[in-house]
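Chain residues, written in single-letter form:
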Amino acid sequence: MIRFENVSKRFGTHQVLDDVSLTVPKGRILFIIGTSGAGKSVLVKHLVGLIRPDSGRIFLDDLEVTQLSEKALYPVRKRCAMVFQHSTLFDSMTLAENVALPLLKHRKLDPETADAEALRRLAQVHMEASARRYPADIGDGLRKRVAIARALTLEPEYVIFDEPTTGLDPVAAANVDQLIRSLSADFGVTSIVVSHDLRSIFKVADRVAMLYQGKVLLDGPPSAFRSTTDPVVRQFIEGRPEGPMRFPRARGS
Amino acid sequence: MGLLIAFRDALGLFFATWRWTFRGSLFRQRKVFLRQLHDIGNRSVLFITVTLGVLGVISVFQVLLQVERILPEFSVVGPAFIQTMVREFAPTITGLMIATRVGSGIAAELGSMVVTEQVDALRLCNADPVDYLVAPRFWACVLHTVLLTVYGGVVGVCCGAVVAHEVWEIPWTSFFSLRLVELSDAASGLMKATAYGMAIPIAAAQAGLETTGGSEGVGIATTRAVVNASFAVVVLDFLLSGLSFLLWFQGR
């Protein structure tokens with residue numbers, strides 16, 4: 001189970017998260033939605049210690065990760081993988097080396113075994129033919145596939161997907177949706193998905209939480225999200241430029 | 001206060017780099033290290049050649065103009081110029097040039113990795129950014145700052161000698177005399193080059209790793225890296241010149 005308890009975070013004068021509390025039961029999929037700059041990515045990065053909260057607590061099962069040292073976070077990061085918004089493959093490494101890195105560092109495998117495992121993982125996302133190429137040699141969509149392979153290579157119990165379908169063609173996006181669903185259904189993986197993709201939300205999510213002005217505006221099943229009468233949520237679902245929604249200021253402005 | 005915090009953070013990064021070096025960072029990151037050797041060293045050769053060459057020409061020309069007015073005796077100009085080049089010009093001018101070219105490059109590269117979340121991804125893979133990113137650049141910069149200092153010194157002296165010989169007809173053997181250069185001069189020059197080679201990548205990497213925001217943040221980090229690295233070279237030059245004077249040059 002993942003639990004955020006009264007988490008607040010401020011950057012300069014901008015209050016990004018204001019007393020946010022959310023719970024994701026084991027094996028379930030929570031979609032976090034909201035306008036750009038609403039603090040969705042900031043919230044999920046707290047879970048793996050990439051950002052520390054100003055106040056509040058974060059739990060992974062019964063383990064409080066809020067103030068763990070960088071070293072104490074290593075086992076947490078082994079259990080909880082993250083697929084970043086920009087793929088974040090390392091330019092100086094081949095695709096196979098990128099996927100093998102967590103195996104080398106977390107599991108201390110020897111390079112040959114890690115490479116063989118990386119090739120197997122790449123084959124699962126149909127990228128084995130490009131294993132010896134560099135990230136700069138392939139397109140955004142393919143990079144995202146490799147990033148997903150790298151995140152799943154340690155068989156994590158928890159996965160954070162930060163806008164996993166952005167930049168993907170519809171078929172590739174549907175594959176990612178299917179993968180997220182299958183991780184939950186077949187392997188009991190708990191997932192948090194940051195997304196704007198309403199099609200994915202209604203197809204994959206067990207719960208949906210909407211962040212607005214640093215707070216949780218809505219937290220419930222997709223059906224509640226679909227039938228809500230809240231004018232801000234309705235404006236978001238319907239994608240209307242006019243409405244009550246106020247957009248966040250750029251950071252530092 | 002901000003300066004003190006920056007200095008403390010830079011020291012922390014410096015010691016972390018040594019710690020990872022002792023844990024075999026260079027062997028693990030040998031591919032990155034070799035690429036950095038090429039980027040920092042080979043690609044700086046032309047830049048250093050032109051800068052130190054022009055400096056040699058202009059310095060010798062100006063000095064000879066003045067010496068000609070005061071005493072028409074040129075035999076000391078070459079040896080004194082070589083001594084100054086070894087002690088001061090070669091390491092410091094090379095250091096300043098590397099601070100601009102290499103410092104900006106390191107900060108821009110690391111800053112881009114920060115804003116595209118590659119550094120976060122490294123941390124999630126249990127890979128320390130100092131081990132993977134800073135240590136290879138640090139040692140490539142140390143090695144090449146020393147080598148380029150020696151190379152730049154030779155270029156500067158040779159270019160100065162050409163002016164002395166062609167314009168004032170000073171014999172080659174008179175200009176190239178090493179009679180004023182002692183081992184302590186070379187030690188002082190190499191000590192400075194090594195110190196600059198360590199300070200530049202640390203100042204640049206720190207600026208890069210502290211990047212916030214998007215491309216604007218990378219630009220700010222790059223500027224800060226060049227300013228901090230150049231400032232570090234100037235301050236170290238002052239401190240190490242004083243130290244050299246106390247250790248070796250006093251009473252000479």
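Read on for an overview of the structure. None of these values were measured; they are calculated from a predicted model. Sequence positions are assigned chain by chain, starting from 1 and proceeding in written order. Labels follow written order: the first chain is A, the first ligand is 1, and so on. Whole-chain, interface and lining totals are the exception, using all residues; otherwise, since this is a predicted model, local features are given only for residues with pLDDT of at least 70 and side-chain atom pairs are given and counted only at 80 or more. Water and hydrogen atoms play no part in the side-chain values, which are based on all heavy atoms of the structure.

**Some words on the pairing of strand S7 (residues 158-162) of chain A**
Residue and element names in this part refer to chain A. Counted only if it meets this: Think of it in three bands: residues with accessible area under 20% of the maximum for their type are buried, residues over 50% are exposed, and the middle band is partly exposed, with areas taken using a 1.4 Å probe on protein chains only. Helix and strand labels come from DSSP, where a helix needs a run of H or I of at least four residues and a strand needs a run of E of at least two; each type is numbered from the N terminus. Here a strand pair is declared whenever DSSP counts at least two bridges between the two strands. We call a crossover right-handed when, viewed with both strands directed away from the observer, the connection leading from the first strand over the helix to the second proceeds clockwise.
With respect to burial, S7 is a largely interior element, five of its five residues being buried. Residue alternation in S7 divides its side chains into two sets, Tyr158, Ile160 and Asp162 and Val159 and Phe161, and both sets are buried. When strand S6 (residues 80-83) meets S7, the two strands line up parallel, connected through four bridges. When the sheet's bridge partners are listed, Val83 is paired in S7 with Phe161. Examined bridge by bridge, S7 and strand S8 (residues 190-194) share five bridges and lie parallel to one another. Pairing of Ile160 across the sheet is with Ile192, part of S8. Taken together, S7, helix H6 (residues 170-187) and S8 form a β-α-β motif whose crossover is right-handed.

**Structural notes on the interface of chain B and chain A**
To keep it simple, the criterion reads: Contacts were defined at the residue level, with two residues in contact if any of their heavy atoms lie within 4.5 Å. Buried area is understood as the total, over both parts, of accessible area removed when two parts are fitted together, assessed with a 1.4 Å probe. Here a salt bridge means any side-chain nitrogen of Lys or Arg lying within 4 Å of a carboxyl oxygen belonging to Asp or Glu. N or O atoms closer than or at 3.5 Å make up a polar contact, with two conditions inside protein: a donor-capable atom paired with an acceptor-capable one, and, for residues adjacent in sequence, both atoms drawn from side chains. Just so you know the grouping, Ala, Val, Leu, Ile, Met, Phe, Trp, Tyr, Cys and Pro go in nonpolar, Asp, Glu, Lys and Arg go in charged, and all remaining residues, Gly too, go in polar.
The interface is formed by 16 residues belonging to chain B together with 26 residues belonging to chain A. Between chain B and chain A, a total of about 1900 Å² is buried, with carbon and sulfur atoms accounting for 54% of that surface. Among the residues of chain B in contact with chain A, Arg123, Leu124 and Asn126 of chain B are the three that bury the most area, contributing 35% of the side total. At the boundary of chain B with chain A, the tally comes to five salt bridges. Residues Lys45 of chain A and Asp120 of chain B are paired through a salt bridge, measuring 3.6 Å at the closest nitrogen-oxygen approach. Seen at the junction of chain B and chain A, the total is six residue pairs in polar contact (both at pLDDT 80 or more). Elements supplying a minimum of two residues to the side of chain B that touches chain A: helix H3 (30-40), helix H6 (118-124) and helix H7 (129-168) of chain B. Top contributing element to the side of chain B that touches chain A by residue count: H6 of chain B, with six residues. Class assignment for the residues of the side of chain B that touches chain A results in seven nonpolar, three polar and six charged.

**Re a nonpolar patch on the surface**
Residue and element names in this part refer to chain B. What counts, and what does not: Residues with no salt bridge and a relative accessible area higher than 30% make up the patches, which join like charges within 9 Å and nonpolar side chains (Val, Leu, Ile, Met, Phe, Trp, Tyr) within 5 Å. Accessibility throughout is a Shrake-Rupley quantity obtained with a 1.4 Å probe, and a residue counts as covered only by protein chains that appear here.
A contiguous nonpolar surface patch, about 430 Å² in accessible area, is contributed by Leu46, Val50, Val54, Val57 and Ile58. Note that Val54 resides in helix H4 (residues 45-70). Note on Val54: relative accessible area 41%, which makes it partly exposed.

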